[in-house]
Amino acid sequence: MKKTLLLSSLAALLFQAGCPTQSAYVTDQPNRYIVSGKINIQDFDQAADSMINSLNDNWIGQGKLKSAAEGEPAILAISRIKNNTGQQLDTDMLTKKIRVALNRTGKVVTTTTLGLGGAEDPLAADKQKEGEFFADQKHTRGFDYTLSGKIIEDQARAGNTRQSAYIFQLSLTSKDGLAIWEEEQKIVKQGTRASVGF
Amino acid sequence: MKKLHIVPLIAAVGLVALATGCTTVNTVGNAQPVAQKQMVNDKRVLTDASLDRKVRIVGVNSAVNDAGFLKIQVEVQNTTRRHQSFTYRVEWFDQNGMLINLPSYTSIPRSVEGKESIFLSATAPTERARDFRIKFLETLN
């Protein structure tokens, strides 16, 4: 009787230990994110990190950053980021991280009242226009730089192995229309099925 | 008799597998490098001996660019003869030792061929960054 009880409790313990929970939070552990052939958050994180490194190293770090108002941060406007992949993507997954990182350098701020296809923050845009009207000004300060880019996808297959390549391209253009910084980040994934990790 | 045929076959298959899995890298460079590296006196905490054997940290050097951003470069070497994958993550700290958080804070996957040395570089996200820490992890899959 005792033996049966012992065995059944051991079996129950093993069963509990072996069964994963249905869902769990994975915080700040990209190594444990699900990897699929599709473009995912790790790819956006990695691309953004590489772009921020390059911006800090080749643009801000080289003293190439110029602001129209001396002593004030330069103003960046987000232009078109084309999605040339077969997937539906929100390009803010890339640009927002870059915006936040640039904002935290204290040297660049992003305008939310000027943008392609309308203001990101319509209320702030209205307030800005109201301010310009009462101050009898035509325009307050415009942007110094624009950020544009493209996300490209390339798929290949050899036997059971599928390869997905994603290319992130970004350009920073000055008011003169010159691309003063450009970067490309390539992410290639190979596999036969989705897994966990990078 | 059949057994005798199987032995060389297994040996050949083994040799082929060994040859494909062990691609090592030959390198060449300037014998007297012009660049002077400012090496960092680093402190290492090694908990994964297997990873340390595969991806050994050769040295860390740092520099501060014109805008006052700290830049670091880590040389790692694959001491094995096999292709190895790993991820790394750089953490930045301000002068009070507080972690500087960023939305793009992520682990970056890298791979090295057998006996290859590579450089991992990172630029601080802000000029407030004074210190850094790099974490290395073996890939899970």
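Located above this text is the structure these notes cover.
About the criteria used
- Residues numbered from 1 in each chain as written.
- Chains lettered and ligands numbered in written order.
- Predicted model: local features only at pLDDT ≥ 70, side-chain atom pairs only at ≥ 80, totals over all residues.
- Heavy atoms only, no water.
- Contact = heavy atoms within 4.5 Å.
- Buried area = accessible area lost by both parts, 1.4 Å probe.
- Salt bridge = Lys/Arg side-chain N within 4 Å of Asp/Glu carboxyl O.
- Helix = DSSP H or I, 4+ residues; strand = E, 2+ residues; numbered from the N terminus.
- Nonpolar A, V, L, I, M, F, W, Y, C, P; charged D, E, K, R; others polar.
- Phe/Tyr/Trp six-rings, centres within 6.5 Å; stacked < 30°, edge-to-face > 60°.
- Core = buried A, V, L, I, M, F, W, Y, C linked by side-chain atoms within 4.5 Å.
- Buried < 20%, exposed > 50% of the residue type's maximum accessible area, 1.4 Å probe, protein only.

Novice: Run through the interface of chain A and chain B, naming residues and quoting values.
Specialist: Each partner contributes residues to the interface: chain A has 25 residues there, and chain B has 24 residues. Here chain A packs against chain B, burying approximately 2,200 Å² in sum over the two surfaces, 52% of which is carbon and sulfur. Summed over the shared surface of chain A and chain B, the result is 2 salt bridges. The partner of Lys107(A) in a salt bridge is Glu127(B), with the nearest N and O atoms 3.4 Å apart. For the side of chain A that touches chain B, the secondary-structure elements that each account for two or more residues are α2 (41-60), α3 (92-105) and β7 (195-196) of chain A. The dominant element in the side of chain A that touches chain B, judged by the number of residues it contributes, is α2(A), at 9 residues. Residue classes in the side of chain A that touches chain B are distributed as 8 nonpolar, 9 polar and 8 charged.

Novice: Could you give an account of the packing of aromatic side chains, naming the residues involved and the relevant values?
Specialist: The relation between two aromatic rings is expressed through the spacing of the ring centres and the mutual angle of the planes. Taken as a whole and judged by the stated rule, the model has 6 aromatic pairs over all chains. Following the ring pairs from residue to residue traces out a cluster consisting of Phe86(B), Tyr88(B) and Phe136(B).

Novice: So what's going on with the nonpolar core? Residues and values would help.
Specialist: The nonpolar side chains of soluble globular proteins are, as a tendency, buried together. In terms of nonpolar packing, the biggest core is built from 31 residues, with Trp59(A), Ile98(A) and Phe168(A) touching the most fellow members. When residues of this core are traced back to their parent elements, those giving at least two are α2, β2 (74-84), α3, β4 (145-158), β5 (161-174) and β6 (179-191) of chain A. In terms of residue count, the dominant contributor to this core is α2(A) (8 residues). Those residues in contact with Ile98(A), other than ones at most four positions away along the chain, are Ala48(A), Met51(A), Ile52(A), Leu55(A) and Leu170(A). Grouped together as the second largest cluster of nonpolar side chains are 20 residues, Leu51(B), Ile72(B), Ile100(B) and Ile108(B) included.

Novice: Go over the pattern of salt bridges with me, naming the residues and quoting the values.
Specialist: Residues and elements named next belong to chain A. Scanning all chains against the criterion turns up 10 salt bridges over all chains. Taking the shortest distance from any N to any O, the salt bridge between Glu120 and Arg99 comes out at 2.8 Å. On the criterion of sequence distance, the pair formed by Glu120 in the loop between β3 (108-110) and α4 (122-134) and Arg99 in helix α3 is long-range, its members being 21 residues apart. The exposure class assigned to Glu120 is partly exposed, which follows from its relative accessible area of 48%.

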